[in-house]
Amino acid sequence: MDDGDAAERREGHDVTLEWPDGRSRTLAVEPRESVLDAALRKGLRLPYDCRKGTCTTCVGRVVAVADDAVDPASAMDHRRAPRALDPDDLADGYALLCIALPRADCRVVVGPTVRSELGDSPWGR
């Protein structure tokens, strides 16, 4: 582990959630805290269900990253393998916010439109 990794874990990251209606909210996500947990800690309501990465209820899509060295597809780590997303979904910047751990400050689109982009059943693909 290099000093940059240690600093990243101590400081956490800012994640700006954006809804299709133009609303946005920036959250300070603590190290090892999921985006969903940070939102709930601040009293912000986001849809979720399983909290294990096996459904797409909490899906968001990273659309921008503050650090030019990080692309949207790698802006989020997950606590465990996100079973409801396939490799193409991850490459397109989708993240399951219930288990997503930010690796950089970023902007994430949320809401039913994002979920509809993936379809209702991750198991039917």
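Note: the structure precedes this text.
Every chain's residues receive numbers from 1 upward, in the order its sequence appears when written. For this predicted model, a pLDDT threshold of at least 70 governs which residues receive local features, and a threshold of 80 or more governs which side-chain atom pairs are given and counted, while totals over whole chains, interfaces and linings are taken from all residues. With hydrogens and water excluded, all non-hydrogen atoms of the structure serve as input to the side-chain values.

J.: Honestly, the pattern of salt bridges in this entry has me stumped. Any pointers?
T.: It is possible for side chains of opposite charge to pair when their charged atoms get near one another. Salt bridges are identified by distance alone: a Lys or Arg side-chain nitrogen within 4 Å of an Asp or Glu carboxyl oxygen. Under the defined criterion, the tally for this structure stands at 7 salt bridges. For R79, the salt bridge identified is with D37, shortest N-O distance 3.5 Å. Residue R79 is located in the loop between β4 (76-78) and α3 (87-91), and its partner D37 is located in helix α2 (residues 35-41); the two are separated by 42 residues in the primary sequence. Type-normalised accessible area, obtained with a 1.4 Å probe on protein chains alone, sets the label of each residue: buried when under 20%, exposed when over 50%, and partly exposed for intermediate values. For D37, a relative accessible area of 21% corresponds to the partly exposed category. Residue R103 is joined to D77 by a salt bridge in which the shortest nitrogen-to-oxygen separation is 3.9 Å. Of this pair, R103 sits in the loop between β6 (100-102) and β7 (106-109) while D77 sits in strand β4, and the two are 26 residues apart along the sequence. Residues joined in a network through salt bridges with shared partners are D37, R51 and R79. A run of DSSP states H or I qualifies as a helix once it reaches four residues; a run of E qualifies as a strand once it reaches two. Both are numbered from the N-terminal end.

J.: I would appreciate a short explanation of the nonpolar core in the present structure.
T.: Side chains of a nonpolar character, in soluble globular proteins, are inclined to be buried together. Residues V15, L17, L46, M76, L97 and V108 are the most contacted members of the largest nonpolar core, which totals 33 residues. Elements represented by at least two residues in this core include exactly β1 (13-18), β2 (24-29), α2, β3 (59-65), β5 (94-96), β7 and α4 (112-118). Ranked by the residues each element gives to this core, the list is headed by α2, at 4 residues. Within this scheme, the nonpolar core is defined by two criteria: the residues are buried Ala, Val, Leu, Ile, Met, Phe, Trp, Tyr or Cys, and they are joined through side-chain atoms within 4.5 Å.

J.: Help me out: how do you make sense of a negative patch on the surface in this one?
T.: Patch membership requires more than 30% relative accessible area and the absence of a salt bridge. Residues of like charge join within 9 Å; the nonpolar side chains Val, Leu, Ile, Met, Phe, Trp and Tyr join within 5 Å. Computed by Shrake-Rupley with a 1.4 Å probe, the accessible areas treat only the displayed protein chains as cover when residues are assessed. Charge assignment in this entry is limited to Lys and Arg as positive and Asp and Glu as negative, and neither His nor the chain termini are counted. Charge coordinates come from a single atom per side chain, which is NZ of Lys, CZ of Arg, CG of Asp or CD of Glu. There is a patch of like negative charges on the surface, built from D14, D67, D68 and D105. Among the secondary structure elements, D14 is positioned in strand β1.

J.: What exactly am I supposed to notice about the environment of V70 here?
T.: Residue placement: V70 occurs in the loop between β3 and β4. Separated by 36 residues in sequence, V70 and C106 place their C-alpha atoms 9.7 Å apart.

J.: Help me out: how do you make sense of the pairing of β7 in this one?
T.: Regular strands show a simple pattern: their side chains alternate between the two faces of the sheet. Only one face of β7 is buried, namely the one carrying C106 and V108, since none of R107 and V109 on the opposite face is buried. Strands qualify as paired when DSSP identifies two bridges or more between them. Of the pairings in the sheet, the one linking β1 to β7 comprises 4 bridges and is parallel in character. Within β7, the residue paired with V15 across the bridge is C106. Bridge count between β3 and β7: 4 bridges; the pairing is antiparallel. Each bridged residue has a counterpart across the sheet, and for A64 the counterpart in β7 is R107.

J.: Would you mind going over the environment of R25 with me for this structure?
T.: Note on placement: R25 falls in strand β2. Judged by relative accessible area, R25 falls into the partly exposed class, the value being 35%. Note: C-alpha distance between R25 and L44 (19 residues apart in sequence) is 8.9 Å. Other than its neighbours up to four places away in sequence, R25 contacts V15, T16, L17, W19, K42 and L44. Two residues form a contact once any of their heavy atoms are found within 4.5 Å.

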